[in-house]
Amino acid sequence: MTTSNETSKVVLVTGGSRGIGRSIAINAAKRGLGVILTYNSQPESGQAVADEINNAGGKAIALHLDAGKPASFDEFAKQISAVLHEEWGRDNFDYLVNNAGIAQRSLIQDTTEEIFDQLVNVNLKGVFFLSQKLIPLIVDGGQIINISSGLARFAFPGTAVYGALKAGLEGLTRYFAKEYAARKIRVNSVAPGAIDTEFGGGKGDEEHRQQIAAAAAIGRLGVADDIGLFVTSMLSDDSRFVNAQRIEVGGGIMI
Ligand SMILES: NC(=O)c1ccc[n+]([C@@H]2O[C@H](COP(=O)([O-])OP(=O)(O)OC[C@H]3O[C@@H](n4cnc5c(N)ncnc54)[C@H](OP(=O)(O)O)[C@@H]3O)[C@@H](O)[C@H]2O)c1
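The numbering scheme is per chain: residues are counted from 1 as the chain's sequence reads. Local features in this predicted model are restricted to residues whose pLDDT is 70 or higher, and side-chain atom pairs enter the listing and the counts only when it is 80 or higher, whereas totals over whole chains, interfaces and linings include all residues. The side-chain quantities take in all heavy atoms of the structure and omit both hydrogens and water.

- Naming follows an unreviewed UniProt entry, where the protein chain appears as NAD(P)-dependent dehydrogenase (Short-subunit alcohol dehydrogenase family) of Mucilaginibacter gracilis.
- UniProt positions are given in the numbering used here, feature names are shortened, and annotations may be inferred rather than shown by experiment. Here the protein chain is described in UniProt, under the heading Sequence similarities (unreviewed entry), as follows: "Belongs to the short-chain dehydrogenases/reductases (SDR) family."

A look at the sheet that holds strand β4 (residues 93-98)
Part 1: Spatially, the seven strands line up as an open sheet ordered β3-β2-β1-β4-β5-β6-β7, and their pairing is parallel. Each end of this open sheet is capped by a strand with a single partner; those strands are β3 (60-64) and β7 (246-249). Across the sheet, the mean angle separating the axes of adjacent strands is 20 degrees when strand polarity is ignored.
Part 2: Two strands pair under a simple rule: DSSP has to find at least two bridges between them. Here a strand is any run of E in DSSP of at least two residues, a helix any run of H or I of at least four, and the numbering for each starts at the N terminus. Pairing of strand β2 (residues 34-39) with β3, which is carried by five bridges, proceeds in the parallel orientation. Of the residues in β3, the one forming a bridge with I36 is I61. All axes here are fitted lines through C-alpha atoms, helices being fitted over the stretch that makes contact, and every angle between N-to-C directions spans 0 to 180 degrees.

A few points about the site of the ligand
Part 1: It suffices for a single heavy atom of a residue to lie within 4 Å of a molecule or strand for the residue to be listed as near it. Within the structure, the ligand sits among 30 residues, and S17, S41, A67, Y162 and T197 are positioned closest to it.
Part 2: Here a polar contact is taken to be a pair of N or O atoms separated by no more than 3.5 Å, where protein atoms must pair a possible hydrogen donor with a possible acceptor and residues adjacent in sequence count only if both atoms sit in side chains. At 2.8 Å, a backbone N or O of N40 approaches an oxygen atom of the ligand.
Part 3: Taking S41, its side chain carries an N or O atom lying 2.7 Å from an oxygen atom of the ligand.
Part 4: Each residue is assigned to one class: nonpolar for Ala, Val, Leu, Ile, Met, Phe, Trp, Tyr, Cys and Pro, charged for Asp, Glu, Lys and Arg, and polar for all the others, Gly among them. Taken together, the residues of the shell around the ligand break down into 13 nonpolar, 12 polar and five charged.

Thoughts on the packing of helix α2 (residues 19-30) against helix α8 (residues 224-234)
Part 1: Contact geometry for α2 and α8: axes closest at 8 Å, N-to-C directions at 45 degrees. Considering their axes alone, α2 and α8 lie oblique with respect to each other. Between α2 and α8 lies a crossing of right-handed hand. From α2, G19, I20, S23, I24, N27 and A28 reach across to α8, where they touch A224, D225, I227, G228, L229, V231 and T232.
Part 2: Counted by class, the contact of α2 with α8 contains seven nonpolar, five polar and one charged residues. Roughly parallel here means an angle under 35 degrees, roughly antiparallel means over 145, roughly perpendicular means 65 to 115, and every remaining angle is called oblique. Handedness of each helix crossing follows the sense of rotation of the near helix against the far helix: counterclockwise by less than a right angle gives left-handed, clockwise gives right-handed. Any pair of residues with heavy atoms lying within 4.5 Å of one another is described as a contacting pair.

Quick notes on the packing of aromatic side chains
Part 1: Each Phe, Tyr or Trp ring, with Trp reduced to its six-membered ring, pairs with another whose centre is within 6.5 Å; inter-plane angles below 30 degrees give stacked pairs, above 60 give edge-to-face pairs, and intermediate values give tilted ones. Taken as a whole, this structure holds four aromatic pairs when the rule is applied.
Part 2: Both rings, one in F128 and one in F129, keep their centres 4.9 Å apart while their planes meet at 80 degrees; by these two values the pair is edge-to-face.
Part 3: Seen from their ring centres, Y162 and F199 are 5.8 Å apart, and the 55 degrees between their planes marks the pair as tilted. Highlighted residues: Y162 in helix α6 (residues 160-179) and F199 in the loop between β6 (186-192) and α7 (206-214), separated in sequence by 37 residues.
Part 4: Classification of residues uses two cut-offs on accessible area relative to the type maximum, computed with a 1.4 Å probe and protein chains only: under 20% is buried, over 50% is exposed, and between them is partly exposed. A relative accessible area of 8% means that Y162 is categorised as buried.
Part 5: Given the relative accessible area of 26%, F199 is considered partly exposed.
Part 6: Feature note: the residues F128, F129, F176 and Y180 constitute an aromatic cluster, connected by ring pairs.
Part 7: For K59, the ring lying beneath its charged end belongs to W88, and the centroid distance is 5.5 Å. As a reminder, the over-ring test applies to NZ of lysine and CZ of arginine, requiring each to be within 6 Å of the ring centre and within 35 degrees of the ring normal.

Quick word on the pairing of strand β1 (residues 10-13)
Part 1: Residues V10 and L12 line one face of β1 and the alternating positions V11 and V13 line the opposite face, and both faces are buried.
Part 2: Pairing of β1 with β2 involves four bridges; the strand directions are parallel. Considered in β2, the bridge of V11 is made with V35.
Part 3: Handedness of a crossover is defined as follows: orient the strands so they point away from the viewer, and if the path from the first strand over the helix to the second runs clockwise, the crossover is right-handed. A crossover connection joins β1 to the parallel β2 through α2; in handedness this β-α-β unit is right-handed.
Part 4: In the sheet, β1 pairs with β4 via three bridges, with the strands oriented parallel. Residue pairing for β4: V13 is matched across the bridge by V97.

What to know about the nonpolar core
Part 1: To form a nonpolar core, buried Ala, Val, Leu, Ile, Met, Phe, Trp, Tyr and Cys residues must be joined to one another through side-chain atoms within 4.5 Å. Ranked by size, the top nonpolar core spans 29 residues in total, and within it L12, I36, F76, I80, F93 and L134 carry the most contacts.
Part 2: Counting residues per element, the ones that place at least two in this core are β1, β3, α4 (73-88), β4, α5 (113-134), β5 (138-147) and α6.
Part 3: With seven residues, α4 is the largest single contributor of residues to this core.
Part 4: Excluding anything up to four places from it in sequence, L12 contacts I36, T38, F76, I80, F93, Y95, L96, V97 and L134.
Part 5: One finds I26, Y95, I227 and V231 within the second-largest nonpolar core, a separate group that totals 28 residues.

Describing the environment of A181
Part 1: Within the secondary structure, A181 sits in the loop between α6 and β6.
Part 2: By relative accessible area, A181 is classed as partly exposed at 35%.
Part 3: For the pair A181 and N243, spaced 62 residues apart in sequence, the C-alpha to C-alpha distance is 9.5 Å.

Now the structure itself:
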């Protein structure tokens with residue numbers, strides 16, 4: 001049952017327009033949270049998720065964010081403040097889910113400086129500075145969840161920079177938890193296994209999909225809701241003593 005107190009909580013999900021982020025946004029709304037979700041290149045997908053939530057009786061707003069452009073984050077933070085005030089009558093929010101990310105599909109020998117820099121900007125630098133800018137707007141006792149990857153733990157050809165950056169993100173998770181402990185802001189990372197989304201162009205042909213599925217003890221590819229349901233289960237005080245952790249949600253992949 002949703003209480004009025006739960007209804008007033010608000011989550012901001014970056015990359016909430018598609019895939020895993022979409023599932024997090026929709027499942028958060030089902031749990032009674034207000035949702036601010038962001039899109040980058042596909043505004044219509046972002047608006048479609050917000051419409052789906054609003055039509056189902058929840059409350060959601062879709063905003064543009066390029067997570068690889070820290071120079072825009074001051075303006076984005078102002079927009080968040082305005083939306084919180086106008087839509088929820090608040091000047092802060094409860095949960096930040098840093099989900100937006102881009103994939104790598106290049107062996108080390110083929111990885112250019114441009115590819116490297118794009119990956120750094122969206123998957124690590126952007127998360128650092130967006131969190132830094134938004135933390136003043138997060139309530140004391142709130143939570144940040146960074147979406148990492150199983151590839152932070154095991155190596156897979158063609159994803160060296162991506163995997164290293166997700167490992168870096170898990171390191172940042174612990175540092176943020178340490179430095180914002182005085183405000184009781186918990187910071188955790190959730191590391192999905194292989195999830196069947198459009199990420200990096202999808203999981204390829206049937207043979208490749210079966211190989212990836214076989215790498216998980218549970219014997220299948222994940223779906224976006226496998227992650228969305230778990231992440232949203234953490235967005236409450238039920239997880240109140242979980243802090244600075246890496247939690248892998250991958251069906252037992254590469255064990
Ligand atoms: N799928 C997997 O197997 C898997 C496994 C482990 C971890 N992950 C992680 O899970 C997260 C979500 O992945 P997904 O599978 O849901 O990917 P997806 O289906 O490709 O969706 C990516 C989302 O991120 C947004 N986005 C992309 N570039 C952005 C940018 N520069 N700035 C802001 N938003 C941007 C997209 O918005 P637009 O469409 O509007 O551009 C979209 O909403 C990522 O961090 C990824 O690393 C995925």
